[in-house]
Each structure stands twice: as structure tokens, then as C-alpha cells.
Amino acid sequence: MSRESIEEGELSSPLVSKEHHEVYASGSGGHVGANTGCDSHGGSDDQSGSSSATGVVVFSTLVAVSGSFVFGTAVGYSSPAQSGIMDDLGLSVAEYSLFGSILTIGAMIGAIVSGKMADYIGRRGTMGFSEIFCLAGWLSIAFSKVAWWLDLGRLLVGCGMGLLSYVVPIYIAEITPKNLRGGFTTVHQLMICCGVSIMYLIGAFVYWRTLALIGIIPCLLQLLGLFFIPESPRWLAKIGQKKEFEVALQHLRGQNADISQEAAEIREYTETLQRLSEASVLDLFQWKYAHSLIVGVGLMVLQQFGGVNGIAFYASAIFISAGFSGSVGTIAMVVVQIPMTALGVILMDKSGRRPLLLVSAAGTCLGCLLAGLSFFLQDLQTWTKITPILALVGVLVYTGSFSLGMGGIPWVIMSEIFPINMKGSAGSLVTLVSWLGSWIISYAFNFLMNWSSAGTFFIFSSICGLTVLFVAKLVPETKGRTLEEIQASMNPFSAKR
């Protein structure tokens, strides 16, 4: 049977049963895609992916997000280590800038191969492979005698980060029950924040080589923990290991749990998709995947071009240029960031993805507007006493709002919206776009600030405002729905429109 006939024939009916579509349609909010009524509870529905978190799910998530902590430590390392490295190794500002920015180059390399690697060697194997990169990188930094050792180590850590930024949210999304998936996946972003903050805190007191060795600890914890967690059941189903798939799913849901309906839906969806050939990146650019691709790539572009990495990397310089204490401002950012990220985790599966994204994007828009207004007034030399406070408030509003939703939710949605046969290629593309955007903003930020500090923040505010419209018009609610239902509603190959 040809691929076309499969798409038009066997795949013309929804992949979940008609009864399930009726249950989900009955509570539908009516926005993008069918079957979005994620809060309705029928008897059979509760057995299909809705359950409480078992100890295995919690432990597996903790092991996975150890990689997110590694991610955070890598991002947070360069700021406290700067003076020590430059003094000990005699680096110029340009050489240290290369050391700092080469992390994102490594992450782009990791992102390019992340999807295919996760498809070929599994989610656990990819996490293990990424930690080997990170371990080698941290050791190279810790024992470096010359600049190129530092750069090589930073590049290797970046490669590991690129892999982790894709595979961690994917793994968590694939093992957690649908009613808990959002909150659990957002722990990825929370642990990144914790990693950054811990590096800032410890880095104020310890030698830069010791700080690099401390970065090894979460790598070792994840490597050890990977031996004790199950592989993703959906990946096992995808590669045809039916017995292992059921064993892993039963292990995750509890030995006494009835997994028959959830297993049947995963198996049916996966088997249908396997009749289609494995997708390449070029296959993504087809009309039937347009909605998923626009949402996944669009959220990452808007996330990065909203200015987050420019503000995060150069926060101290922003505060100083606004006439405020750089150290006090940076500490205030950390104090705001972690609680707001934690609040986002709590609200993720209560309020849903869309409301959090809308509030978060609106908050980042307001924060950038306040910061831009501060610099604008400073240029006019009016209200000079309040401009530093206005800049602080603006950056803190931006940081808190971003941490609430825009930091983590795009990664949650990316892990949910692409079908299993597209996930590798799509994940690589989306992660690459994210890191490319990160590099562009972090590289261009100082040039933009030299051009016009007020103009820079007004541009960021406009992009954040555009994000509100994008979310309102295009991003579907995915709370409380199985991955199969989300993908069937977004991609026309699963249901004839």
C-alpha cells in the first residue's frame, strides 16, 4: 500500500476511538484543533493516561532533570569564573568572550543530532551520552593550562547541553500521566534556574577550577541514576519492542494499575505512524505538519527574540548603565526567578498552558516597556531619581514573568505536539532554532545597547507583545490530553479535515 493511500485511507479516521472523541468534545473550549476539552472526566478516560504520580515516575523525572541542572550550571559558570580565569590564564576580554559564547555553538551542534540520536539509541542512552560530553568538558576546563583547553571544554559542555535541552523534556513528557505532564516537564526549566543560581552563589566563594569540578557532580548523579530508570515506553513501542514497552509502562504506572487502554492507544497510534517512512527535516515542511511546525518553531523564535539571553547574560551591566547596583540587581533577579518558576510548575496542570503563556508574555512585554521607558527618561535627563528603580522593576517584572511561563512552556509544548515519526527531525530543528536565536541575541545585545538602550527594550517589548497575539491565535491548549490526542488534533494526517 502506498504512503498516500495510507494517509487518505487508513489514517482518515481518528486514532483514538469515537467514544473518546465524544468525551473530549463535550467539554471543548473550542480553540485550535478538535477535541480540546481536556478537563472532562469519564470513567474510561481516567484509565487512559490520567493517574497519580508513582514513585517510579517521580524518581525517573528527578534523574532526567539532573541533566537540566547540568544545563543550568553550564550557563551560570562563566559569570562568577570570569575574573579568576582571566587573571590566571591571562585572557583578554575578546578571548573570554569566545569562551563564553562557544557554549551556544556547542549547543547548536548537539541540537542538530539530538533528535536522531534520541530516536536511534533511546532517551536514556542520549542522556547518558550527553553527560559523557559534559564530564569531559568540565574536566578539560578544570585542568586547563591554556585558552584552547578552556574553549574545547566549553564546546564539549555545550554539545551535552544541546542534547539535554531536547531529550529531557521529551523523556519526561513520554513517561508521565497526561494530567501531570505539564508540571513535571516544567521542572526542567526550574532545575535550569536552580543550576544557574547555585553556580552564582558558590562561584562567589570558590576558585574557578573548584567550581568546574563541582559542575561534575550532577553529571555523575544522572549517569548513575540512568541505570535505575525505565526507558520511554513510547520509544520502545516505536522500535517494536512490544514486551519491553508494556513492562516499562506497567513499571511507571504501578504494578496494580490497569494500563490496557493507555497501552492500546499508544500501540495503535505508533503502529499506524510506522507505516509511514521515518521523516527527514525536509518532510517537516509539508502542509499537514504546518500547524505543529509553526507553533513549535514560532514559540522558540519569540522566546529568544524577546531578549531573554541578552538580559540574563548582561543583567549586571544593564543595572549599572541604569544607575543601579549590579550585584544587588542580579541577586534580586535570582530571588524572583526561582519562586516564579516554581509557581509556573504548580499552575501548569491547573490553569493550563495557554493562560500561563498569555500572562507570561504580557508580563515580559510590560517589563521591557518599563525598562525602555527608564532609559528613555534617562536620555532626556528627566525624573533621574526614579529611572534606576524603574529599570530594576522592569527587569524584575520581565524575569518573573518569563520564569512563570515563557521559559518552560515552549519546551513542554515542543515535547507534546509532534508525532512520534516526526519527533527526531522536528526536535532537532526546534532546538537548533532556539540555540541559534540565543546566540544571535547574546552576540547582538551589546551592539544594540550601544545604538540605543531605550530602543533595544522597546524592540523586545514589541516582540513580546507579538507573542501574546501568536499564543492567542495559534497555540492550542494541551493540558489533560494524551500525546496521541494532541497530535491527532494538530496534524491532519491523523484525521481527515
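Structure: above.
Below or above, wherever it landed, is the structure these notes cover. Small disclaimer: the values here were computed from a predicted structure and weren't measured.

Notes on the overall build of the protein chain
- Secondary structure summary: the protein chain contains 22 helices and zero strands in total.
- Buried positions account for 59% of the 497 residues belonging to the protein chain.
- Contacts spanning at least 24 positions in sequence make up 83% of the contacts within the protein chain whose residues lie at least 6 apart.
- Working note: accessible area of the protein chain is about 19000 Å², and carbon and sulfur atoms make up 69% of it.

As for the environment of His-291
- Considering the arrangement of structural elements, one finds His-291 in helix 13 (residues 290–305).
- The spacing of His-291 and Ile-417 is 126 residues in sequence and 9.2 Å in space, taken between C-alpha atoms.
- Of the polar contacts made by the side chain of His-291, one reaches the backbone oxygen of Leu-474; its length is 2.9 Å.

Side note on the packing of helix 13 against helix 20 (residues 423–451)
- The N-to-C vectors of helix 13 and helix 20 enclose an angle of 20°; their axes lie 8 Å apart at closest approach. One finds that helix 13 runs roughly parallel with respect to helix 20. Note on packing geometry: the crossing formed by helix 13 with helix 20 is right-handed. Contacts between helix 13 and helix 20 involve Leu-293, Gly-296, Val-297, Met-300, Val-301, Gln-303, Gln-304 and Phe-305 from the first element and Leu-429, Val-430, Val-433, Ser-434, Gly-437, Ser-438, Ile-440 and Ile-441 from the second.
- For the contact of helix 13 with helix 20, the residue count by class is ten nonpolar, six polar and no charged.

A few points about the packing of aromatic side chains
- Under the defined criterion, the tally for this structure stands at eleven aromatic pairs.
- With centroids separated by 6.1 Å and ring planes inclined at 85°, the aromatic side chains of Trp-148 and Trp-149 adopt a geometry described as edge-to-face.
- For Trp-148, a relative accessible area of 55% corresponds to the exposed category.
- Plain terms: the ring middles of Phe-445 and Phe-457 are 6.5 Å apart, the flat faces sit at 90° to each other, and that makes the pair edge-to-face. Here Phe-445 is found in helix 20, whereas its partner Phe-457 is found in helix 21 (residues 453–474), with twelve residues between them in sequence.
- Since its relative accessible area comes to 1%, Phe-445 is described here as buried.
- The exposure class of Phe-457 is buried, given its relative accessible area of 1%.
- Taken together, the ring pairs connect Phe-375, Phe-445, Phe-457 and Phe-460 into an aromatic cluster.

Side note on the pattern of salt bridges
- For the coordinates displayed, the defined rule picks out five salt bridges.
- Ionic pairing is found between Glu-246 and Arg-267, a salt bridge with its closest N-O pair at 2.5 Å. Here Glu-246, found in helix 11 (residues 242–253), pairs with Arg-267, found in helix 12 (residues 260–274); they are 21 residues apart in sequence, far enough to count as distant.
- The exposure class assigned to Arg-267 is partly exposed, which follows from its relative accessible area of 24%.
- Notably, a salt bridge pairs Glu-262 with Arg-253, separated by 2.9 Å at the nearest N-O pair.
- Residue Glu-262 is classed as buried on the basis of its relative accessible area of 6%.
- Each member of the salt-bridge network shares a partner with another, and the members are Asp-119, Arg-123 and Glu-174.

Looking at the environment of Leu-135
- For Leu-135, the position within the fold is in helix 5 (residues 93–142).
- Its relative accessible area of 15% is what places Leu-135 among the buried residues.
- Setting aside residues up to four positions removed in sequence, Leu-135 forms contacts with Ile-216, Cys-219, Leu-220 and Leu-223.

Considering the state of the cysteines
- Taken as a whole and assessed by the stated rule, the structure comprises zero disulfides.
- Free of any disulfide, Cys-134 has its nearest neighbouring cysteine sulfur in Cys-219, separated by 4.9 Å.
- Free of any disulfide, Cys-159 has its nearest neighbouring cysteine sulfur in Cys-134, separated by 9.1 Å.
- The class for Cys-159 is buried, based on a relative accessible area of 10%.

Concerning the nonpolar core
- Grouped together as the largest cluster of nonpolar side chains are 107 residues, with contacts concentrated most on Tyr-77, Ile-85, Trp-138 and Phe-457.
- With near-sequence residues (within four places) excluded, Ile-85 lies in contact with Tyr-77, Gly-90, Leu-91, Tyr-96, Phe-99, Leu-150 and Trp-208.
- In terms of nonpolar packing, the next biggest core, distinct from the first, is built from nine residues, Trp-235, Phe-245, Ile-259 and Ala-263 among them.

As for helix 7 (residues 181–203)
- In this model helix 7 runs 34 Å from its N-terminal to its C-terminal C-alpha over 23 residues, within 8% of the 33 Å that 1.5 Å per residue would give.
- Within helix 7, the axis deviates most sharply at His-188, by approximately 25°.
- Burial of helix 7 is extensive: 17 of the 23 residues sit out of reach of the surface.

Some points on a nonpolar patch on the surface
- Where nonpolar side chains cluster on the molecular surface, the patch consists of Leu-139, Phe-143, Val-146, Trp-148, Trp-149, Leu-152 and Leu-213 and spans about 660 Å² of accessible area.
- Summarising the element assignment, Val-146 is placed in the loop between helix 5 and helix 6 (147–175).
- With a relative accessible area of 37%, Val-146 lands in the partly exposed category.

A look at the side chain of Ser-461
- Position of Ser-461 among the secondary structure elements: in helix 21.
- On the accessibility criterion, Ser-461 (6% relative accessible area) is buried.
- When neighbours within four sequence positions are excluded, Ser-461 is seen to be in contact with Cys-365, Cys-368 and Leu-369.

About the thresholds
Residues numbered from 1 in each chain as written. Predicted model: local features only at pLDDT ≥ 70, side-chain atom pairs only at ≥ 80, totals over all residues. Heavy atoms only, no water. Helix = DSSP H or I, 4+ residues; strand = E, 2+ residues; numbered from the N terminus. Buried < 20%, exposed > 50% of the residue type's maximum accessible area, 1.4 Å probe, protein only. Contact = heavy atoms within 4.5 Å. Areas by Shrake-Rupley, 256 points an atom, 1.4 Å probe, with all protein chains shown as cover. Polar contact = N/O pair within 3.5 Å; in protein donor to acceptor, adjacent residues only side chain to side chain. Axes fitted to C-alpha atoms, helices over the stretch in contact; angles between N-to-C directions. Parallel < 35°, antiparallel > 145°, perpendicular 65-115°, else oblique. Left-handed = near helix turned anticlockwise from the far one by under 90°. Nonpolar A, V, L, I, M, F, W, Y, C, P; charged D, E, K, R; others polar. Phe/Tyr/Trp six-rings, centres within 6.5 Å; stacked < 30°, edge-to-face > 60°. Salt bridge = Lys/Arg side-chain N within 4 Å of Asp/Glu carboxyl O. Disulfide = S-S within 2.5 Å. Core = buried A, V, L, I, M, F, W, Y, C linked by side-chain atoms within 4.5 Å. Expected span 1.5 Å × (residues − 1). Bend = angle between axes of the 7 residues up to and from the residue. Patch = residues over 30% accessible without salt bridge, like charges linked within 9 Å, V, L, I, M, F, W, Y side chains within 5 Å.

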